Amino acid sequence: MTVRTAGRGFTEITREVDAFVHDAGISTGLLTAFVRHTSASLLIQENADPDVQRDLEAFLARLAPDDPRLYIHTAEGPDDMPAHIRSALTQTSLSIPVAGGRTVLGTWQGVYLLEHRTAPHRREVVLHLIGA
């Protein structure tokens, strides 16, 4: 699937992931989601209070600031190496159980693509479902 981001931040993809599982017709199994980029990641995170996303983004900004004086790799701009660091600290793939033809996410959980670059991007997420 293709996910268009608005730049750095969270893009919820729970509905698209759920639709993929529904359309696959598999009742019980395991879904793997994998983002094909080194400056974006996937997270399962709270989807009820947007302050959680803001706090996570602020925390990542403190861990990997956009300051080119801190990095050797700056060829793609001041946000590139911080994006790689943020991606290294988060996840590029998720495993999500499927039961009853649905993802087994908790009440307040959502699936997010986390864009680490400041400009909008078009990201590819590979979904693979195994089961019966």
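## Quick look at the pattern of salt bridges
Alright, step 1. Inspection of the entire model under this criterion finds 9 salt bridges.
Alright, step 2. Between Arg54 and Asp51 there is a salt bridge whose closest N-O contact spans 2.5 Å. One end of the pair, Arg54, and the other, Asp51, are both in helix 2 (residues 50–63), 3 residues apart, so they sit about a helical turn from each other.
Alright, step 3. For Arg117, the salt bridge is made with Glu76, and the minimal N-O distance between the two is 3.6 Å. Here Arg117 is found in the loop between strand 7 (109–115) and strand 8 (122–131), whereas its partner Glu76 is found in the loop between helix 2 and helix 3 (80–89), with 41 residues between them in sequence.
Alright, step 4. Under the relative-accessibility criterion, Arg117 is labelled buried at 9%.
Alright, step 5. Through salt bridges with shared partners, a single network forms among Glu76, Asp79, Asp80 and Arg117.

## Focus on the sheet that holds strand 1 (residues 2–4)
Alright, step 1. Taken in spatial order, the 5 strands make up an open sheet running 1-8-3-5-6, and their pairing is antiparallel. In this open sheet, the two strands that pair with only one neighbour each are strand 1 and strand 6 (102–103).
Alright, step 2. As paired strands, strand 1 and strand 8 are joined by 3 bridges and run antiparallel to one another. Looking at strand 8, one finds that Thr2 is bridged to Glu124.
Alright, step 3. Relative to strand 8, helix 1 (residues 14–24) is tilted by about 35°, and along the sheet it contacts strand 3 (29–35), strand 5 (93–99), strand 6 and strand 8.

The rules behind each value
Residues numbered from 1 in each chain as written. Predicted model: local features only at pLDDT ≥ 70, side-chain atom pairs only at ≥ 80, totals over all residues. Heavy atoms only, no water. Salt bridge = Lys/Arg side-chain N within 4 Å of Asp/Glu carboxyl O. Helix = DSSP H or I, 4+ residues; strand = E, 2+ residues; numbered from the N terminus. Buried < 20%, exposed > 50% of the residue type's maximum accessible area, 1.4 Å probe, protein only. Pairing = 2+ DSSP bridges. Contact = heavy atoms within 4.5 Å. Axes fitted to C-alpha atoms, helices over the stretch in contact; angles between N-to-C directions.

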